[in-house]
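Observations on the three-dimensional arrangement
For reference, the chains in residue letters:
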Amino acid sequence: MLVLVAPGQGAQTPGFLTPWLDLPGVEDRLRAWSAAIDLDLVHYGTKADEEEIRDTAVAQPLLVASALLSARQLFATADDVAAQTGAVAGHSVGELAAAALAGTLTDEAAMTLVRRRGQAMAEAAAVTETGMAALLGGDEAVVIPHLEQLGLTPANVNGAGQIVAAGTAEQIAALVENKPEGTRRVVPLKVAGAFHTHHMAPAVSALESATAQLAVADPRTRYVSNKDGAQVSSGQELVQRLVGQVANPVRWDLCMETFKELGVTTLIEAAPGGTLTGLAKRALPGVRTLALKTPDDLDAARTLIAEQSAPAE
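This is a predicted model, so every value here is computed, not measured.

Some details on the packing of helix α6 (residues 94-101) against helix α11 (residues 235-245)
Following both chains from N to C, one finds α6 and α11 inclined at 170 degrees, their axes separated by 10 Å at the closest point. By the angle between their directions, the pair α6 and α11 is classed as roughly antiparallel. Of α11, the residues touching α6 (which contributes Glu95, Leu96 and Ala99) are Leu238, Leu242 and Gln245. Tallied by class, the residues present in the contact of α6 with α11 amount to four nonpolar, one polar and one charged.

Listed below in structure tokens is the structure:
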């Protein structure tokens, strides 16, 4: 079984979309989305510097666009995704790309929604100086109480020994100075707010309004939710989960547990791939992984897909 996943915020790097624009039709599609959401995705994906693409209102649409553009080179439609994958999932903002790949949202609707999501979360982040930091190593039973003592939220429980803490700048600084016992490193992330915490409550209201009249369909393949690793079969429930997700923790560890229970044997990560395949290599031993970083990775991905689709001898 093949699972297709989309990465979250922090995966972006300056110029990462440049090689993808050489593919036929990609630049035209990106410019059409740019016009629709009033954001120059071509500029931000090719010429903008690290600080510009760190802006939440820019990073989130850029990441969803990248995931969709790269995945569409392998699966042109939701029917193709349903026929050739066993499940889809996305990490944080990557869930919007996964929702489009599963057929619950159109690509255009996903881009419009992620634009509003990014703006709303940027506005919420501007109220208080907040941030996030990844903790590498350590026992969850030790790390989470330590974070709570510092007033921090375990905003991403990613599995494979990685938890991301979120809170005020002062709380993050205190964590760097006083990391939990057994934690190897604390790494501040390139994000502009304490996402997936109570600091994002205003963004939930904004997304409720943005999705009130949204046309949705039930996913055509298994959709594994960040909320609890559950498989969601209702389009309406999926969208409700997308709304609430901005102020609640991402449980990628539970998503990977679901992949394991489903018998996943191959995982492909849409561009800019690397983060989720890295987690899978540690948490899902024996599962083949491939990260789409540039178009040079597409042939290897097609080979994996063909091998998954071939009948057993």
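Observations regarding the sheet that holds strand β1 (residues 2-6)
The strands making up a sheet associate through backbone hydrogen bonding, with each pair oriented either parallel or antiparallel. The strand order across the open sheet formed by six strands is β8-β7-β2-β1-β9-β10, and the pairing between neighbours is mixed. Two strands in the sheet have a free side with no partner beyond their single neighbour: β8 (231-232) and β10 (288-291). Examined bridge by bridge, strand β7 (residues 222-224) and β8 share two bridges and lie antiparallel to one another. Bridge assignment links valine 224 to a residue of β8, and that residue is glutamine 231.

Quick look at the domain arrangement of the protein
Along its sequence, the protein is organised into domain 1 (1-123 + 196-307) and domain 2 (128-187). Using C-alpha coordinates to define each centre, domain 1 is positioned 25 Å away from domain 2. Taken together, the contacts link 13 residues of domain 1 with 14 residues of domain 2. Per-residue buried area on domain 1 facing domain 2 is highest for Thr197, His199 and Leu279; these three make up 36% of the total on that side. Linking domain 1 with domain 2 are zero salt bridges.

Reading the values: the criteria
- Residues numbered from 1 in each chain as written.
- Predicted model: local features only at pLDDT ≥ 70, side-chain atom pairs only at ≥ 80, totals over all residues.
- Heavy atoms only, no water.
- Axes fitted to C-alpha atoms, helices over the stretch in contact; angles between N-to-C directions.
- Helix = DSSP H or I, 4+ residues; strand = E, 2+ residues; numbered from the N terminus.
- Parallel < 35°, antiparallel > 145°, perpendicular 65-115°, else oblique.
- Contact = heavy atoms within 4.5 Å.
- Nonpolar A, V, L, I, M, F, W, Y, C, P; charged D, E, K, R; others polar.
- Pairing = 2+ DSSP bridges.
- Domains from an automatic or database assignment.
- Buried area = accessible area lost by both parts, 1.4 Å probe.
- Salt bridge = Lys/Arg side-chain N within 4 Å of Asp/Glu carboxyl O.

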